[in-house]
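Secondary and tertiary structure notes
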Amino acid sequence: MACNQWITVTLLVFCACLLLLEEIIAAKISCIKCSSANDTNCARAKLEPNECAQEDDQCFFRIFNDNLIRGCYADLNAIEQASCDSNGGMCVKCQQSGCNNAYWPRCHTCVENADVGCEDEQSDSSKASFCSVFKSDNYCFASLNNDIVSRGCGSDYPDCLTNRPTCQMCYNDGCNSLSKTGLTESKCQKCYSLEDDCIYGNSSSIIANCSRLGDPCFTTIRDGKIQRGCLDFSDNVMLCSDPTDATCVACQGANCNANPWLRCHQCRVTDADKTCNEEKADQSKATFCRNHQVNDRCYSRTVDGVFERGCQSDLGVSANACDNLDEKKCQLCAEPGCNKYKNSAEQFMINLTVLLLGVIAALFMETF
């Protein structure tokens, strides 16, 4: 009897394992599906992946008719599938959900004397073309050799990696657009600290030369400190590459990264911690906002009965922290650490409680 029970249990476990294995094998992959021809978010893959119809599918992204297309591999015909490779090329395939999210650069491509206007600023980014092949470390370049300007994709001109003084490298669509006269040595604020010079970007002592022609400058927050410098490709390959990412700000021009980055007191009252209600007199305790935004504000507000402090920019690009809140429940200010005052609503409740206790005590004394 015991032997039969053991066999039964073993068979049940075995069947359960088979069912689980079947589910794993039959699981459908999810891929980003879009075309840059009709979706501006496709180039940067700012989209959620969708489940593919076929089991055991893969994802792909490729260039077709100068458009970037992302989707499920099974949706391609046999000829298109044959052009896809896992290691790069004109069509790339991959096997994990959402894996077809890599950035594929669009660059201006021309050579001075051979292409009219190549030496001028390339102001129309829509004329930039996708690089002919995909490489995970690809980039746009503009070189100045023997007084001749050349523009294109790094995969076509690897010399840029070693020839720093004569070559601009960048990682945004159409970023290799500087005119011939603009392809000069850059100067940027360069520091990484919590010192005032670095925080406010107002000291000539932190201006430094960049290593490449036309290097952009950048400002970001890293490990609670402000960092300013040259957007040198080899050191910061992805830093600030996405113009929609406000956690790092890039700019073009001498010493352009001198703008301050707002600091605010950031906290929220919880059942376990009420200290956010207290006055924040020490400005050094204010922390940098996660995103940079011109005309950013610090806020103190009460939402749904909960008091909090923070940065308006962290609520969204066009958010107003005081929407649908009166001035008693929300205050905005623009100076570093200015949202420091004690929660007036909390103080009101304390005063009211003290008053009520006083009244009760007086009534109690009269009674006896």
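Quick caveat: nothing in here was measured; it's all calculated off a predicted structure.

A word on the environment of Glu278. Within the secondary structure, Glu278 is located in the loop between β21 (267-268) and β22 (287-288). For Glu278 and Ser344, which are 66 residues apart along the polypeptide, the C-alpha to C-alpha distance reads 9.6 Å. Dropping the residues within four chain positions of it, Glu278 is found in contact with Arg309, Lys340 and Lys342.

Look at any regular strand and the pattern is simple: side chains alternate between the two faces of the sheet. Of all the 6 residues making up strand β5 (residues 67-72), 5 are buried; the element is thus mostly covered by neighbouring parts of the structure. Alignment of strand β2 (residues 34-35) against β5, held across 2 bridges, turns out to be antiparallel. Residue pairing in the sheet places Cys34 in a bridge with Arg70 of β5. Pairing analysis gives 6 bridges linking strand β4 (residues 59-64) to β5, with the strands arranged antiparallel. Directly across from Arg62, in β5, lies its bridge partner Ile69.

Moving on, we get to the pattern of salt bridges. One pass over the full model with this rule turns up 6 salt bridges. Salt bridges sharing partners connect three or more residues here, namely Glu112, Asp147 and Lys180.

Picture a little ball the size of a water molecule; that probe, rolled over the atoms, points out where space is still empty. In this structure, the second largest pocket occupies an estimated 260 Å³ of space. Taken together, 16 residues line the second largest pocket, and the ones lying closest to its centre are Pro260, Trp261, Leu262, His292 and Gln293. Residues that form the lining of the second largest pocket fall into these classes: 8 nonpolar, 5 polar and 3 charged.

With that settled, consider the sheet that holds strand β12 (residues 148-153). Reading across the sheet, the 4 strands line up as β9-β12-β11-β13 and stay open at both edges, with antiparallel pairing between neighbours. One side of each edge strand has no neighbouring strand; the edge strands of this open sheet are β9 (110-111) and β13 (167-170). In terms of strand pairing, β9 meets β12 through 2 bridges, oriented antiparallel. Bridging across to β12, Cys110 finds its partner in Arg151.

Conventions we followed
- Residues numbered from 1 in each chain as written.
- Predicted model: local features only at pLDDT ≥ 70, side-chain atom pairs only at ≥ 80, totals over all residues.
- Heavy atoms only, no water.
- Helix = DSSP H or I, 4+ residues; strand = E, 2+ residues; numbered from the N terminus.
- Contact = heavy atoms within 4.5 Å.
- Buried < 20%, exposed > 50% of the residue type's maximum accessible area, 1.4 Å probe, protein only.
- Pairing = 2+ DSSP bridges.
- Salt bridge = Lys/Arg side-chain N within 4 Å of Asp/Glu carboxyl O.
- 1 Å grid on protein atoms, 1.4 Å probe; cavity = no way out; pocket = protein on both sides within 12 Å on 5 of 7 lines; lining within 4 Å.
- Points joined across faces, edges and corners; volume = space filled by probe spheres on them.
- Nonpolar A, V, L, I, M, F, W, Y, C, P; charged D, E, K, R; others polar.

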